[in-house]
Structures are given as structure tokens and as C-alpha cells.
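If you want the building blocks of each chain, they are given just below.
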Amino acid sequence: MGIIEKMRLDGKKIFVTGGARGIGRSVALAFAEAGADLAIVDLDIEEAKKTAEEIAAKNGTKAIAIKADVTNPEDVNAMIDKFLKEFDRLDVAFCNAGICINTPAEEMSYEQWKKVLDINLSGVFLTAQAAGKVMLKQEGGGSIINTASMSGHIVNYPQPQCSYNASKAGVIQLTKSLAVEWATRNVRVNSLSPGYMGTELTLNSPSLKPLIEQWSDMTPVKRIGKPEELQSICVYLAGDTSSFTTGSDFVVDGGFTSI
């Protein structure tokens, strides 16, 4: 079997949080194209259903939508139960849900701070923990991919986003911690750290549009990234060819953190 065939995800069962739009949607499409069955997990259940229907129609794989609040342990556990009822096992968890609030630190309310940390860090912990509990018990283990950010390595400028940066740095260290704890039990945990990405939200946000030119100029390749440029690394991490890869953070940022 050649390397391309080995990278297929046929038979893999995967959930993607924050999967209705943006990076989550793009990576979910790639997982399905590689042969996986999916659950699109999102608070926006109607948009999640649309994404799941699109995936199933395009690839002939199974795709369902599940509504869940990743900051709520009961919701996360219920999501896992629904997933296992549909798919019997869990091979890959893409813990991707996240938000950003751009507010100067001296003006940021505790509620704003807590909201970002709850979704970006605690939400990743809860979904990764729930996935890990399943994978540790099943034959074959599994792979967990957490969405961090280049913001876990650098401080973004000019927008003020201390809560986001802190949360993403936490995701990177959480990923390494889980990877070490579960290394001998066949559960791999890695993180993805994108740079500035041209998602629908970014491109259509009135507050962010003026910054795109500045971000592009600050990035060595002189442009922001495309969500589909994150697909191949996630397919690799989801598959069996990455069996020796755990505890790693994959920075995909057009060279931004290299300067």
C-alpha cells in the first residue's frame, strides 16, 4: 500500500467542534473526502445540519449534526453519548470551537475574559477529556487534535486580545500535558496553530476587514492564509501515518512567528 492510500481515513469516526463554519467546516470536508464519517458539533444546529448535509451529499460518507455547548460538561457528555450511539466508536476528535474578543485589557470585563477562556481553553479540555475517556478504553486508541493559534506563541498587533492569546497558549500546554499522560495508552494529542486565516467571519467582519492588509504586510508570505491550507496537516494527524506524532504543535502561519 502506497503512502496516499495509507493516509486515507476510511472507517474513521470523527467529531469536529465548531464544525459548522470556518476552519472546522473546511477540515471536516477534508476528513470526509478522505473517507471518514463525521459529527458536526456546534451551537448553531441549523448551520451544522447544512454542513453535515453538504458533506454527506458530496462524499457519500455519513455526517450528522449535534448541538452542544462545549463549556457545559453535561452537554459535552450528552454529545459523546449521541456520537457513540450513531458510530459505536470514536477515532478522532477535532476540538476546534473558539472565539476572540478584541478589547483593551484595562477595559475588558471579567465576563468577557471568562467567556473566551471558557470556550477556548475549558471547552477544549472538556471535549478532549471526554474523547480521551472513550479512546483510552477502546482497541486502537485514537487521535485528538486541538485548535490553538500562533497567538499562543506571539502577541498579536495592533488588535488587543489578551484573553485570546492566554487561552491559546493554554491550549498548547494542555495538549502537551495530555499527550504525555496518554502516550503509552495509544491516544495521541496534538495541536494546530494557524496564523491569520481568511475565514468567512474574518473576511466579512467590519472591524477586522481594515486589518487584513496590515496582517498581510506583517506576514512574510505577504498574505493571510486560506482555511483549506490547514486540511492536509489535520488529515495527517487524524490518520495512522502519524502514529509516532504526539505532543506536537503545528504552526501554519506563513512564517509569521519566524520573525
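Look up a bit, the structure's there.
These notes cover the structure that comes with them. Bear in mind the structure is a predicted one, so any value in this text is a computation, not a measurement.

About the criteria used
Residues numbered from 1 in each chain as written. Predicted model: local features only at pLDDT ≥ 70, side-chain atom pairs only at ≥ 80, totals over all residues. Heavy atoms only, no water. Phe/Tyr/Trp six-rings, centres within 6.5 Å; stacked < 30°, edge-to-face > 60°. Helix = DSSP H or I, 4+ residues; strand = E, 2+ residues; numbered from the N terminus. Buried < 20%, exposed > 50% of the residue type's maximum accessible area, 1.4 Å probe, protein only. Pairing = 2+ DSSP bridges. Axes fitted to C-alpha atoms, helices over the stretch in contact; angles between N-to-C directions. Contact = heavy atoms within 4.5 Å. 1 Å grid on protein atoms, 1.4 Å probe; cavity = no way out; pocket = protein on both sides within 12 Å on 5 of 7 lines; lining within 4 Å. Points joined across faces, edges and corners; volume = space filled by probe spheres on them. Nonpolar A, V, L, I, M, F, W, Y, C, P; charged D, E, K, R; others polar.

Concerning the packing of aromatic side chains
So, step 1. By the definition in use, this model includes five aromatic pairs.
So, step 2. Aromatic pair Phe83 and Phe87: ring centres 4.7 Å apart, planes at 45 degrees, arrangement tilted. Taken together, the positions of Phe83 and Phe87, both in helix H4 (residues 73–87) and four residues apart, correspond to about one turn of that helix. The pair formed by Phe83 and Phe87 is uniform in burial state, with each residue classed as buried.
So, step 3. Ring centres of Tyr196 and Trp215 lie 4.1 Å apart, and the angle between their planes is 5 degrees; this geometry places the pair in the stacked category. Placement of Tyr196 in the loop between strand S6 (187–194) and helix H7 (200–204) and of Trp215 in helix H8 (residues 209–218) is noted, with a sequence separation of 19 residues between them. Each member of the pair, Tyr196 as well as Trp215, carries the same accessibility label: buried.

Here's the deal with the sheet that holds strand S1 (residues 13–17)
So, step 1. Read across the sheet, seven strands follow the order S3-S2-S1-S4-S5-S6-S7 without closing on themselves; strand pairing throughout is parallel. Each edge of the open sheet is held by one strand with a lone partner, namely strand S3 (63–67) and strand S7 (249–252). Each strand of the sheet is rotated relative to its neighbour by a mean of 15 degrees, with strand direction disregarded.
So, step 2. Pairing analysis gives three bridges linking S1 to strand S4 (residues 92–95), with the strands arranged parallel.

Digging into the environment of Ile55
So, step 1. Take Ile55: it is sitting in helix H3 (residues 45–59).
So, step 2. Given a relative accessible area of 0%, Ile55 falls into the buried group.
So, step 3. C-alpha of Ile55 to C-alpha of Lys67: the two residues are 12 residues apart in sequence and 17 Å apart in space.
So, step 4. Sequence-distant contacts of Ile55, defined by excluding residues within four places in its chain, comprise Ala28, Leu29, Ala32, Leu38, Ile40, Gly60, Thr61 and Ala63.

Structural notes on the layout of surface pockets
So, step 1. For the largest pocket, the calculated volume is near 1,300 Å³.
So, step 2. Taken together, 44 residues make up the lining of the largest pocket; nearest its centre are Gly98, Ile99, Cys100, Thr199 and Leu201.
So, step 3. Of the residues belonging to the lining of the largest pocket, the class tally is 19 nonpolar, 19 polar and six charged.
So, step 4. Considering only enclosed or pocket space, the second largest pocket measures out at about 250 Å³ in volume.
So, step 5. Gly140, Gly142, Asn186, Arg188 and Ser243 are, among the 18 residues lining the second largest pocket, the residues nearest its centre.
So, step 6. Listed by contribution, the elements that provide at least two residues to the lining of the second largest pocket are strand S5 (142–147) and S6.
So, step 7. Of the residues that constitute the lining of the second largest pocket, the class distribution is six nonpolar, seven polar and five charged.

Note that all results are geometric; they support no functional claim without further evidence.
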